Amino acid sequence: MTLSQFTRLTAAPSHPVVLLEGRREIPETIAPSARRLAYLLAVHFPSMTFRSGNAPGADEAFGKGIGDHDPARLELFLPYEGHRKASLAGARCFSADSLTAEERSITAKVSASATPRNRGLFDSRSPRLQAKANYLLRDTLKVTGHGSDFPPPIAAIFYADPADPMAGGTGHTIRVCNNLAVPVILQPEWLSWIPELEPGTRPGRQDG
């Protein structure tokens, strides 16, 4: 997706939400670019809200970029209340452990549809497996949203494993996006946006 296409995508909703997230292992050469992209998006799109999962690595890099401009425009979806508490200042939060039993069941079905091999986790009574399930539910909720306070995102920007973008929790979230028709933008695309977003430019001027 080009920046021009992304800009047109943001025009319809009055307060669009964009998901920013990715791998825990993000190269030191890429992390500053993720932070810069997030900051520039926040500056150029003042009505936009940003959502992440509060994990180390890419989530943290993107989150710092939003925090550099306006932390109140960051939403953090958590596997449980207080997850990585030190990074929550100023952000709005929603945690998977606050779901009702019915909401948990619905979200588990969406999760299992994206990654069927994890289906058994959601029925397990093992505390260890239930904790693991909460991380997957968190990843799914970032895409589905929750009620009117947390609508679904219009697009999802990821730092994914270059060798296997569908690996791990990031791959799970990408599959949920694909199943729910949420556009996915990976680093080969968004890295090219940064020069266009830098001060003195207007996003989306190029054809695309």
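Going by the structure above, here's the rest.
Right, let's walk through the structure included here.

About the criteria used
Residues numbered from 1 in each chain as written. Predicted model: local features only at pLDDT ≥ 70, side-chain atom pairs only at ≥ 80, totals over all residues. Heavy atoms only, no water. Disulfide = S-S within 2.5 Å. Buried < 20%, exposed > 50% of the residue type's maximum accessible area, 1.4 Å probe, protein only. Helix = DSSP H or I, 4+ residues; strand = E, 2+ residues; numbered from the N terminus. Expected span 1.5 Å × (residues − 1). Phe/Tyr/Trp six-rings, centres within 6.5 Å; stacked < 30°, edge-to-face > 60°. Contact = heavy atoms within 4.5 Å. Pairing = 2+ DSSP bridges. Axes fitted to C-alpha atoms, helices over the stretch in contact; angles between N-to-C directions. Salt bridge = Lys/Arg side-chain N within 4 Å of Asp/Glu carboxyl O.

**What to know about the state of the cysteines**
Here, disulfide denotes a covalent bond that connects the sulfur atoms of two cysteines.
Working step 1: Within this structure, the stated rule accounts for zero disulfides.
Working step 2: Residue Cys93 stays outside any disulfide, its sulfur separated by 20 Å from that of Cys177, the closest cysteine.
Working step 3: Its relative accessible area of 31% is what places Cys93 among the partly exposed residues.
Working step 4: A relative accessible area of 0% means that Cys177 is categorised as buried.

**A word on helix α2 (residues 31–44)**
Working step 1: In a regular helix each residue adds 1.5 Å, so 14 residues correspond to 20 Å; α2 covers 20 Å between its end C-alpha atoms and thus fits that length.
Working step 2: Those residues of α2 lying buried are Ala34, Leu37, Ala38, Leu40, Leu41 and Ala42.

**Observations concerning the packing of aromatic side chains**
Working step 1: Using the criterion set out here, one finds seven aromatic pairs in the structure.
Working step 2: Between Tyr80 and Tyr135, the ring centres sit 6.4 Å apart and the planes meet at 75°, which makes this aromatic pair edge-to-face. Of this pair, Tyr80 sits in the loop between β3 (74–78) and β4 (92–95) while Tyr135 sits in helix α5 (residues 127–144), and the two are 55 residues apart along the sequence.
Working step 3: A relative accessible area of 36% means that Tyr80 is categorised as partly exposed.
Working step 4: Residues Phe94 and Phe150 carry aromatic rings whose centres are separated by 5.7 Å and whose planes lie at 50° to one another, so their mutual orientation is tilted. Linking Phe94 in strand β4 with Phe150 in the loop between α5 and β5 (155–159), this pair joins segments that are 56 residues apart in sequence.
Working step 5: Assessed through its relative accessible area of 10%, Phe94 is described here as buried.
Working step 6: The rings of Phe6, Phe45 and Trp193 are connected pair by pair, giving a single aromatic cluster.

**Some remarks on helix α6 (residues 168–179)**
Working step 1: For α6, with 12 residues, the first-to-last C-alpha span of 17 Å sits near the 16 Å given by 1.5 Å per residue.
Working step 2: Taken as a whole, α6 has its buried residues at Thr170, Gly171, His172, Thr173, Ile174, Arg175, Val176 and Cys177.
Working step 3: Check the buried side of α6 and you find it contacts β1 (17–22), α4 (101–114), α5, β5 and β6 (184–185).
Working step 4: Count one or two residues on from α6 and you reach Ala181, which has phi positive near 60°.

**Considering the sheet that holds β4**
Working step 1: Strand order in this open sheet of six strands is β4-β3-β2-β1-β5-β6, and the pairing throughout is parallel. Whereas interior strands pair on both sides, the edge strands pair on one side only; in this sheet they are β4 and β6.
Working step 2: Where strand β2 (residues 49–52) and β3 come together, three bridges link them in parallel fashion. Directly across from Ser52, in β3, lies its bridge partner Leu76.
Working step 3: Running at roughly 135° to β1, helix α3 (residues 58–69) makes contact with β1, β2, β3 and β5 of the sheet.

**What about the pattern of salt bridges?**
Working step 1: Throughout the structure, instances matching the rule amount to eight salt bridges.
Working step 2: Where Glu198 meets Arg36, a salt bridge forms, and the shortest distance between an N and an O atom there is 2.7 Å. Placement of Glu198 in the segment after α8 (194–197) and of Arg36 in helix α2 is noted, with a sequence separation of 162 residues between them.
Working step 3: Between Arg92 and Glu75 there is a salt bridge whose closest N-O contact spans 3.2 Å. Residue Arg92 is located in strand β4, and its partner Glu75 is located in strand β3; the two are separated by 17 residues in the primary sequence.
Working step 4: The class of Arg92 is partly exposed, set by a relative accessible area of 36%.
Working step 5: A single salt-bridge network, built from bridges that share partners, covers Glu21, Arg138, Asp139 and Lys142.

Honestly, that's just the spatial picture; any functional story needs more than this.
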